[in-house]
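Here is what each chain is made of, one letter per residue.
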Amino acid sequence: MTRRSQMRIALAVGMVVAVAILGFVFRGPLLERIAPRAVMTSTGTALIGGPFALVDQTGATRTDADFRGKFMLVYFGYTYCPDVCPTTLQTMTEALERLGKAAARVQPIFITIDPARDTPKVMGQYVAHFYPGMIGLTGTAAQIAAAARAYRVYYAKEAGRDQDYLMDHSGFVYLMGPDGKYITIMPPQVTAGQMAAVLAKHLGG
Ligand code: NI
């Protein structure tokens with residue numbers, strides 16, 4: 001394959017991903033209000049989420065099944081992120097603080113999309129800055145790719161740098177139910193107040 005045709009394919013794939021992301025941004029909240037079942041496939045499987053097997057900050061393997069019985073508040077990002085990731089994790093932290101005791105029913109989870117640099121140790125030091133009990137998950141490149149695919153997360157390494165690279169990535173926050181199934185997503189710009197309201201609504205029901 002020529003370099004030019006490789007670039008064409010990369011561009012086409014990128015556009016499909018961009019359209020899919022935009023689709024989630026604009027359809028998610030609307031669908032939740034008018035047709036909660038519409039985001040499910042005909043087999044009843046949620047389109048977002050699913051099984052994952054990753055490694056937590058202590059080096060222990062964690063699967064999605066470990067969190068059954070709790071709501072999961074999931075965010076994908078990376079510890080070297082200069083702005084969006086720490087801001088979003090801080091928003092999650094403040095939203096959970098606003099919930100008070102009910103927050104005990106929510107497990108905040110930060111999953112890296114940069115496993116090459118985000119080792120369990122790095123993840124542990126990083127999540128310690130945020131809500132107590134927040135779990136940081138990393139894994140092999142293949143494990144991270146599988147988890148990201150399940151959650152429809154887009155990510156890509158900045159080209160041309162070996163060490164101090166940035167990652168391009170989608171920044172949604174996912175709320176999953178105690179059964180592990182998808183409930184809703186929140187956009188990266190969500191405020192702590194808005195997130196707390198979404199959490200309170202679903203925890204209360
Ligand atoms: Ni980021």
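Just above sits the structure.
The paragraphs below set out a description of the structure included in this document. (Residues numbered from 1 in each chain as written. Predicted model: local features only at pLDDT ≥ 70, side-chain atom pairs only at ≥ 80, totals over all residues. Heavy atoms only, no water.)

**Regarding the packing of helix H2 (residues 84-99) against helix H5 (residues 192-204)**
Between H2 and H5, whose axes approach to 8 Å, the crossing angle comes to 50 degrees. Taken together, H2 and H5 sit at an angle that is classed as oblique. At the point where H2 passes H5, the crossing takes the right-handed sense. Note on element contacts: H5 touches H2 through Ala192, Gly193, Met195, Ala196, Leu199, Ala200 and Leu203, opposite Thr91, Met92, Glu94, Ala95, Leu96, Arg98 and Leu99. For the contact of H2 with H5, the per-class residue count stands at 10 nonpolar, 2 polar and 2 charged. (Axes fitted to C-alpha atoms, helices over the stretch in contact; angles between N-to-C directions. Helix = DSSP H or I, 4+ residues; strand = E, 2+ residues; numbered from the N terminus. Parallel < 35°, antiparallel > 145°, perpendicular 65-115°, else oblique. Left-handed = near helix turned anticlockwise from the far one by under 90°. Contact = heavy atoms within 4.5 Å. Nonpolar A, V, L, I, M, F, W, Y, C, P; charged D, E, K, R; others polar.)

**As for the nonpolar core**
If you look at the biggest cluster of nonpolar residues, it comprises 53 residues, and the most contacted ones within it are Leu73, Val74, Phe76, Tyr151, Tyr174, Met195 and Leu199. When near neighbours in sequence (up to four residues on either side) are disregarded, Met195 contacts Leu73, Thr91, Met92, Ala95, Val173, Met186 and Val190. (Core = buried A, V, L, I, M, F, W, Y, C linked by side-chain atoms within 4.5 Å. Buried < 20%, exposed > 50% of the residue type's maximum accessible area, 1.4 Å probe, protein only.)

**Points about the pairing of strand S9 (residues 182-186)**
Side-chain positions along a regular strand alternate between the two faces of the sheet. In terms of residue burial, S9 counts as a mostly covered element, since 4 of its 5 residues are buried. As judged from the 4 bridges shared by strand S8 (residues 173-176) and S9, these two strands associate in the antiparallel manner. Residue pairing in the sheet places Tyr174 in a bridge with Ile185 of S9. Counted along the chain from S8 to the antiparallel partner S9, the turn is 5 residues long, and its residue Gly180 has a positive phi close to 85 degrees. (Pairing = 2+ DSSP bridges.)

**What about the pattern of salt bridges?**
As enumerated under the stated definition, the model contains 4 salt bridges in all. One salt bridge connects Asp56 with Arg62, and the closest N-O pair in it is separated by 3.0 Å. For Arg62, a relative accessible area of 21% puts it in the partly exposed group. In this structure, Asp114 and Arg117 form a salt bridge, with 2.7 Å as the shortest nitrogen-oxygen distance. Just as Asp114 is buried, Arg117 falls in that class too. By sharing partners, the salt bridges in this structure join Asp56, Arg62 and Asp66 into a single network. (Salt bridge = Lys/Arg side-chain N within 4 Å of Asp/Glu carboxyl O.)

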